[in-house]
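Architecture at a glance
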Amino acid sequence: GAVYAEVLNNYGQRQLLALSRIVRLIKLKKEEYPELEQGNDFDDPFPFYRTGDPFIAEVLVDEYQGWYEIQKAWPESVTFRQQEDGSYLFTLKTASSYGLLKWIISMGSSATLIKPESMRREVKEELESMIQSYEK
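It should be emphasised that the depicted structure is a prediction, and the values quoted were computed from it without experimental measurement.

Rules used in this analysis
- Residues numbered from 1 in each chain as written.
- Predicted model: local features only at pLDDT ≥ 70, side-chain atom pairs only at ≥ 80, totals over all residues.
- Heavy atoms only, no water.
- Buried < 20%, exposed > 50% of the residue type's maximum accessible area, 1.4 Å probe, protein only.
- Helix = DSSP H or I, 4+ residues; strand = E, 2+ residues; numbered from the N terminus.
- Arc of directions from axis to C-beta.
- Contact = heavy atoms within 4.5 Å.
- Polar contact = N/O pair within 3.5 Å; in protein donor to acceptor, adjacent residues only side chain to side chain.
- Axes fitted to C-alpha atoms, helices over the stretch in contact; angles between N-to-C directions.
- Parallel < 35°, antiparallel > 145°, perpendicular 65-115°, else oblique.
- Left-handed = near helix turned anticlockwise from the far one by under 90°.
- Nonpolar A, V, L, I, M, F, W, Y, C, P; charged D, E, K, R; others polar.
- Pairing = 2+ DSSP bridges.

Take helix H1 (residues 63–70) next. Along H1, the positions that sit buried rather than exposed are Gly-66, Glu-69 and Ile-70. With its buried residues spanning 90° around the axis, H1 presents them on a single face. In H1, those exposed residues whose orientation departs by more than 90 degrees from the buried face are Tyr-64 and Trp-67. Looking at the buried positions of H1, the neighbouring elements they touch are strand E3 (55–61), strand E4 (79–82), strand E5 (88–94) and helix H2 (97–106). By the N-cap criterion, in which a side-chain oxygen at the helix start approaches the backbone nitrogen of a residue two or three places on, H1 is capped by Asp-62, the distance to Tyr-64 being 3.2 Å.

Set out below in structure tokens:
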């Protein structure tokens, strides 16, 4: 016995969420989302953080985090393929190096950016910056 809520995600897709230990739900206000840029030929997985021209990225996610990630409602522009070791290779097109960086960092050591190479340097710089903030 679980409680489920059917919601609309940022892409207008229906998604079923399992809820547990809820004491009370209160709708405080309708959330407003910024307008998406018009004229794009793809569904960006990070539409609110566009930082440049679109590029293709590949991210390898371990099998445990990968299973969790594939349950999310991704736009059709995102594909994932399970590897022989159980991990998942995500291929996505985005115009947001910022959104991609934050998503990768959020998964910790469970995710490795394969390409683009230039973004690998950005991830490394972000991790080094994080380490420095903990050494103070």
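Turning our eyes to something else, we now look at the packing of H2 against helix H3 (residues 117–134). H3 packs onto H2 with a crossing angle of 55° between their chain directions and a minimal axis gap of 10 Å. Between H2 and H3, the angle is such that the two are oblique. Crossing angle aside, the handedness with which H2 passes H3 is right-handed. Only Met-119, Glu-122, Val-123, Glu-126, Leu-127 and Met-130 of H3 make contact with H2, whose side of the interface consists of Ser-97, Leu-100, Leu-101, Lys-102, Ile-104 and Ile-105. Its residues placed into classes, the contact of H2 with H3 shows eight nonpolar, one polar and three charged.

What follows deals with the pairing of E5. Across the seven residues of E5, five count as buried, placing the element largely inside the fold. Pairing analysis gives seven bridges linking E3 to E5, with the strands arranged antiparallel. Each residue of the ladder has a partner; that of Phe-55, found in E5, is Thr-94. In terms of strand pairing, E4 meets E5 through four bridges, oriented antiparallel. Bridge assignment links Phe-80 to a residue of E5, and that residue is Phe-90. Between E4 and the antiparallel strand that follows it, E5, lie five residues; Gly-86 among them carries a positive phi value of about 95°.

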